[in-house]
Structure formats: C-alpha cells, structure tokens
Amino acid sequence: MSTRIERRFEALSKQGRAALVTFLTAGDPDLNTALDILMGLPDAGADIIEIGVPFSDPMADGPSIQASSLRAIRKGMTLSKTLDAVQAFRKHDDDTPIVLMGYYNPIYSRGTKQFLSDAKEAGVDGLIVVDLPPEEEGELCIPAIEAGLNFIYLIAPTTDDVRLPRVIQNASGFIYFVSIAGITGTKSANKTDVASHVRRIKSHSNLPVAVGFGIRTPKQAAEIAQFADGVVVGSALVDIISENLNSNGDPVSGTTEKVFQLVSELSGAVKGVHSLS
Amino acid sequence: MNKLNSYRTGVDDDGHFGIFGGRYVAETLMPLILNVEKAYLTARDDDKFWSEFHYLMEHYVGRPSPLYFAKRLTDEFGGAKIYFKRDELNHTGAHKINNTIGQILLAKRMGKTRIIAETGAGQHGVATATVCALFGLPCIVYMGETDIERQAPNVFRMKLLGAEIRPVTSGTGTLKDAMNEALRDWVSNVEDTFYIIGTVAGPHPYPTLVRDFQCIIGEETRQQMQAAEGRLPDVLVACLGGGSNAMGLFHPFLDDENVRIIGVEAAGHGIETGEHCASLTGGRPGVLHGNRTYLLQTEGGQILDGHSISAGLDYPGIGPEHSWLKDMGRVEYVSVTDNEALEAFQLCTRMEGIIPALEPSHALAHVAKIAPHLSADTLLVMNLCGRGDKDIFTVAKHLGVEIDNG
C-alpha cells in the first residue's frame, strides 16, 4: 500500500510541478499557536508538512531552528504532544503527508517500537532522523519501513558517488538533498551546483528528490522547483515566528497570518514553474 | 553473561562497544568521519607516525610522567600504598596534551589546515591551542559563554597562544553546547578543517583514537610499577568527565583480572539533588554528540546540564567505552561530591605539596574513602591528571577567601 507521501508526489508529478514542503517546529511559539499554524498550512499551500520535534541539542541546525526548539521545549513541547498534534490534524485532513523531522534521542528514549506504533497511529507518514545515518539503519529505518512509514535520508554535497548508493539503499518516500555543506538557514544554495547534485542523485534512484537547507524566498523556491521534485523551506518560516514575539515570548496578533502569507507566496512561486524533472 | 576473552578488542566494524558508541551524526558529517577513520587506521599501523608521537611525548610534553609514591598520604590514610601518576607535570599541566599531539599529527597527515576544538574548563582548549602554535595552524576554540566567565585565565592563555575563542551562547552556553557548535563549524567547513575532540566521546573513531593516544598513561604505569614494586598495581583510581584520563590509565590493565579498576564521577551537590554530572551513576543510555552512551536527560530525552565544582567534569555524557565497561561489570563507577573533592584538594596540597586540579581531587576523595580499608601491601595508583593552579579562584571562593582576580 502506498503512503500519503508517495501518493502526493505521484499526483504532483502528473500536474508537472514540484511539492512545497514546509518545516516548522512543533510547539513553537506555543502549543496552541503551533496547532493553528499546522491546521492552516494545507490551505495556505503546503503540499507536504515537516514537523520538527524539538531537541535540546540540534547539531545540524542553525540559530533559527535552535532557538525555535528551545522556545518549544520551554513551553512544554514533547514528542508525545507532537504526536497529539498530528492526531488532531488528521481529524480534518487525511491527505496531506506529515513528516516528523528531528534527532534520535527523544525517539530512543521513548522506545523505538512504541514510538513507531504511536506515530503510525497518530497519522505520521515519514521520518527524517538527522543523526541516524544508514550505518545505524537497524535501529529505526528498517523497523519504520516494516511499520509502514517512509524513512527519508538526507544526502549532502559531501556524499560522494561511492557512498550515495549505500545511503539511499533503504530510503523511501523521497530523498532530501541538503543543498549546502552547513547547518540549516545559514548560507544560500548555488543553483547550478544544486541542479547537478539533483541530477546525480536521480541517476541513482527513482525516488523524488526534495531540496532544502538555505532556501528562503519565493524566487529561490521557484529556481529550485525547476529541477527538483520538492522544495523545503524551514528557517524562513521559523524566523517569522521569532520576529513576531512580544517581550513575554508570546506571538503578537497576526503572526499566524504572516506565516500563511509566506507559505502562499512560496506555493505560488512553486506552482508557477513547470518542472523539468 | 559470558566472560570475554578480552576487554581490549575495541569496537566492531561500525564503531560500537556493545550497544554503545556508534556514528550518530548527520549525513553531512559522515564522509568526514569516515575519512578520519581511514586516515587513523593507516596512521596506527605506521611506525613513523608513532615515532613522531613518542618523540614529542618525550621532548615536548616531558614524558614519561613520574609514578610517585605519596608517602605522607599513605601514612595519613593508614592502608594501601598510594602512588600518583603525575600527569599534572606534563607540558600545559594536564593529560589533555597527549591527545592533542596525536590528533594534530593525524590532521597534518590528512593535509588539513584549520583546527577547531571545544572546551569546557579550557584545559583541552589550551592543549589544542598549544599544538596549533607548535605546528603553525590556525586554531578556533568554541567555548560556552558561561565557561568563558568562569575560566578567564585559560581564555587568556589560549589567546596568547594565538587561538581565536568563539563564545557559544546557544543552549545553556556550556561544554555540550560548545561541542554542538564545533560540530556545526565542521559541517560548514568540510574541506580544510580537522576537529580535535577533547575526550573519549563523539562519533567513532574518536573514542578509539583518543583512547589510543591517552593509553600512554597506563602503559608507562605498568612499566613504572614493575620497576618500583616488581609487580602490577592492585587498584587503579581515576576521575571521569568525558573519561579520557581514566581510559588512558585503565585500558592497558583491562585484561589483568586481578587489577581492581575504579572510575570516579562528579556527584556535584549529591546525586539525590539532581545537580551532578554522574552520567553513569545517575543517567541512562541515550544518543548525543554522535554516540550512544549514558547521559543525563529528562524523561522525554532532552539533555540536561550537569553540575560540578570542577568545570572539567561538567559534561552530561561519558565516553561510550566506559558505558560498556560499566555494563560488563569490569570497572566500578562511583561518585564524589563537590565538598568531598574540595577537602581532598586541600589535603593533597598540605600533605604532599602538590596542588591538584579539582578533577583528580575527586579521584583522591575516593582514595581517601577506600585506602584505610585496604591492606598495607595493596598497591593503589591514582591518576593525578591535572594541576590545580587553574582552580585556585574557584577554591578560594568556596572557602570564603577573597583574592584579587583582576
């Protein structure tokens, strides 16, 4: 049986366009606002939703997502509550794929078996676990696939052709190309380099390739959408939240709408491009 | 559990010690880690690499460090014969230099031109800045903002040595955050940079290579004790933050089943208060900084900050090989509070004329507990892994003495 992720990419491929993948941290800036944002993302134009599971030590993330993780943790966000939010979302949207993205320790701490069954039941479709490379795939990747969840691997510019087939051997759902050698939200990707990396990945795999890390604006999104199957935007959305907090750390009114505004601009930009892939 | 033929066989092909260790890093880092492993495996089999290492150990670091019979403390405790392995006499005042020399030689072999490191108390930062000065390589040290305030003399030392100190404000601004930041630097500068990790933690191969460089402590101890007493020691004691000085002393003795081995963690204000850094005693297995090991963490798996009077023990994790040795039951792990360490610090200073760092003061506090109950022919070696000059301001503050730190 196919997953929501597979069905969504298939449908978009028929429309001849790339997917807009949005990333926000669960529980940022607080549980209710984050849930409002999550519920409204599909209407604003998100094709696939990545939810960041907050972790105290997000090694691969830049300052924006680090700060959002800490805000969420301080507001009491946990892995359990993240799954609750997904469950609430699923009550009114049974189509939009949800990918949890985060680090291994909160999952390991809960127990991988328990986590996989809870995630599946809540309506999660895929997992990106940043610090679980294929070398450790027995821990979660293989059991996740057996549980009917997609396990999405990151490919970096440093992943050479010798290593690449090993990384994607058990990848499913899509492949996430990290467009910069660096952390999230810090540098911008060079379009030509990214295009050649995406071609390189596609020569090894039939899975859709989404590109993320360093894409902030509708213009950049449109450029990447010319050759990638998905465009991931995270830090730019998270920044809207951090820029709209009052001195108590609460969001000022209109924050949610500003997030939707950028999502809809990004979506418009991605939809305006007919993919060459 | 079946008894192993050897506790020294090291990691499996994927870098695990049992369930511990491993390579839990982002894909951007994986190729770099694999390169370090490849380079290290070649270097390890190359006599030229080790001859350069040993040359510098002798002529630059000042090894072998003495194995010193602490007669007055032996009399004071009234039991086991206490020997100190004097790694505080090394150049830069601690065992850290053993590792940084090894790693910078590896960095050179790999053609890397830029060195990064994390530091908590500043000892590893100083040891890294020192070897960078020696080899003329630029050095960037990540240090938590909180630690920069607490460790002003070491910050100045590093600057004198030509290092650039980058304050880390993310997270809680301590050692674990400095390590996160160094890893972030590394993924952003993949071509030219080598990351010198300061302890037997991090992704494979770091726990192994740091251990191999630190094993010089235990290897010398074997020979020196043979020369002094004609046999091996009976008891080894060392303190643990990340665990590199302890691993260096312990590892060469792991297969000598009659040698009792004890690691001493920092219990801070007491394990029961929750304010401590005793990952093995008060934590549970988790994944952080590229390896699975015992960690201080919340029920939901968020990493907690440790507390210890000694900034060098203030790390919420521990080297994965220690976690494995704990679960195998080969090494005993115990803990000692801030106050006990402070007492041992003063006792050692007054009775032996040696000002120990607060880290080995933890080891000594445990020696004080067990030595009186051991027979007079018991040979006990404690690793005196660092000197205490850096700690005099902290100690003064705790003793209610004001000295001018300005």
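Treat the numbers as computed from the prediction; the structure is a model and nothing was measured. The residue numbering used here restarts from 1 in each chain and proceeds along that chain's sequence as written. The order in which chains are written sets their letters, starting at A; the order in which ligands are written sets their numbers, starting at 1. Side-chain atom pairs in this predicted model are given and counted only at pLDDT of 80 or more, local residue features only at pLDDT of at least 70, and totals for whole chains, interfaces and linings cover all residues. Note that the side-chain values use all heavy atoms of the structure and ignore hydrogens as well as water.

1. Let's talk about the overall build of chain A
Moving on, step 1. Comment: elements are numbered from the N terminus, with helices defined as DSSP H or I runs of at least four residues and strands as E runs of at least two. For chain A, the helix and strand inventory stands at 12 helices and 9 strands.
Moving on, step 2. Note on method: radius of gyration uses C-alpha positions; expected globular size equals 2.2 Å times residues raised to 0.38. Here chain A has a C-alpha radius of gyration of 17 Å; the compact-globule value for 277 residues is 19 Å, and the two agree.
Moving on, step 3. Remark: exposure states derive from per-residue accessible area (1.4 Å probe, protein chains only) relative to the maximum for the residue type, with buried under 20%, exposed over 50%, and partly exposed in between. By residue count, 63% of the 277 residues in chain A fall in the buried class.
Moving on, step 4. Contacts were defined at the residue level, with two residues in contact if any of their heavy atoms lie within 4.5 Å. Here the analysis covers contacts within chain A between residues at least 6 apart in sequence; of these, 73% occur between residues at least 24 apart.
Moving on, step 5. A total accessible area of about 10,200 Å² is found for chain A, and carbon and sulfur atoms account for 49% of it.
Moving on, step 6. In chain A, the 25 positive side-chain charges and the 33 negative ones have mean positions that sit 3 Å from each other. Per-residue and other accessible areas follow the Shrake-Rupley method at a 1.4 Å probe size, with only the shown protein chains counted as cover for residues. Charged residues are defined narrowly, with Lys and Arg counted positive, Asp and Glu counted negative, and His plus the chain ends left uncounted. The location of each charge is read from NZ of Lys, CZ of Arg, CG of Asp or CD of Glu.

2. Details of empty space enclosed by the protein
Moving on, step 1. Put simply, the grid is 1 Å and covers the protein atoms alone, a cavity is a trapped set of points that fit a 1.4 Å probe, a pocket is an open set with protein on both sides within 12 Å along at least five of seven lines, and lining residues have an atom within 4 Å of a point. Grid points are joined across faces, edges and corners, and a volume is the space filled by probe spheres set on the points. Across all of its chains, the model carries 8 cavities of 30 Å³ or more by this definition.
Moving on, step 2. Its volume calculated, the largest cavity comes out at about 370 Å³.
Moving on, step 3. In this structure, the largest cavity is lined by 32 residues; those nearest its centre are B:H95, B:K96, B:G242, B:G312 and B:L313.
Moving on, step 4. Residue type decides the class: Asp, Glu, Lys and Arg count as charged, Ala, Val, Leu, Ile, Met, Phe, Trp, Tyr, Cys and Pro as nonpolar, and the leftover types, Gly among them, as polar. Counted by class, the lining of the largest cavity contains 11 nonpolar, 16 polar and 5 charged residues.
Moving on, step 5. Quantified by volume, the second largest cavity comes out at close to 140 Å³.
Moving on, step 6. Lining the second largest cavity are 17 residues; nearest its centre among them are A:Y176, A:T184, A:F213, A:G234 and A:S235.

3. Considerations on the nonpolar core
Moving on, step 1. Side-chain atoms within 4.5 Å are what join buried Ala, Val, Leu, Ile, Met, Phe, Trp, Tyr and Cys residues into a set we call a nonpolar core. Of all hydrophobic cores here, the largest spans 193 residues; its most connected members are A:L100, A:L127, A:Y176 and B:W186.
Moving on, step 2. Contacts of A:L127, omitting those with residues within four sequence positions, involve A:V99, A:L100, A:F115, A:L116, A:L140, A:A144, A:L149, A:N150, A:F151 and A:I152.
Moving on, step 3. Counting residues in each nonpolar core, the second largest holds 31 residues, with B:A70, B:V235, B:A266 and B:A363 among its members.

4. Looking at the interface of chain B and chain A
Moving on, step 1. Opposite the 40 residues of chain B that make contact, chain A presents 36 residues.
Moving on, step 2. For any pair of parts, buried area is found by adding up, for both, the accessible area (1.4 Å probe) each one loses once the two are put together. Roughly 2,800 Å² is buried in total at the junction of chain B and chain A, and carbon and sulfur atoms are behind 52% of that figure.
Moving on, step 3. Interface area lost by chain B to chain A is led by B:E27, B:R184 and B:Q302, which between them contribute 24%.
Moving on, step 4. What makes a salt bridge here is a side-chain nitrogen of Lys or Arg within 4 Å of a carboxyl oxygen of Asp or Glu, nothing more. At the junction of chain B and chain A, the tally comes to 3 salt bridges.
Moving on, step 5. Across the pair B:R292 and A:E139 runs a salt bridge, and its minimum N-O distance is 2.3 Å.
Moving on, step 6. Side-chain atoms alone can form a polar contact between residues adjacent in sequence; in general such a contact is a pair of N or O atoms within 3.5 Å, and within protein one must be able to donate a hydrogen while the other accepts it. Seen at the junction of chain B and chain A, the total is 22 residue pairs in polar contact (both at pLDDT 80 or more).

5. Some points on the side chain of B:H289
All names here are of chain B.
Moving on, step 1. As for its placement among the helices and strands, H289 is situated in the loop between β11 (284–288) and β12 (290–295).
Moving on, step 2. A distance of 3.2 Å separates the side chain of H289 from the backbone oxygen of K176, its partner in a polar contact.
Moving on, step 3. Setting aside residues up to four positions removed in sequence, H289 forms contacts with K176, M179, N180, L183, G202, P203 and Y315.

6. Here's the deal with the confidence of the model for chain B
Moving on, step 1. Scored by pLDDT, chain B has a mean of 95; 99% of the residues are at 70 or more.
Moving on, step 2. Note on the complex model: pTM 0.96, ipTM 0.94. Residue-level confidence of the predictor is summarised by pLDDT, bounded by 0 at the bottom and 100 at the top.

7. Let's talk about the layout of surface pockets
Residue and element names in this part refer to chain B.
Moving on, step 1. For the largest pocket, the calculated volume is near 370 Å³.
Moving on, step 2. In terms of lining residues, the largest pocket is bounded by 18 residues, among which R150, Q151, I309, T394 and K397 are the most central.
Moving on, step 3. Of all elements in the fold, only α6 (145–150), α7 (152–160) and α16 (392–398) reach the threshold of two or more residues within the lining of the largest pocket.
Moving on, step 4. Here the residues of the lining of the largest pocket sort into 6 nonpolar, 7 polar and 5 charged.

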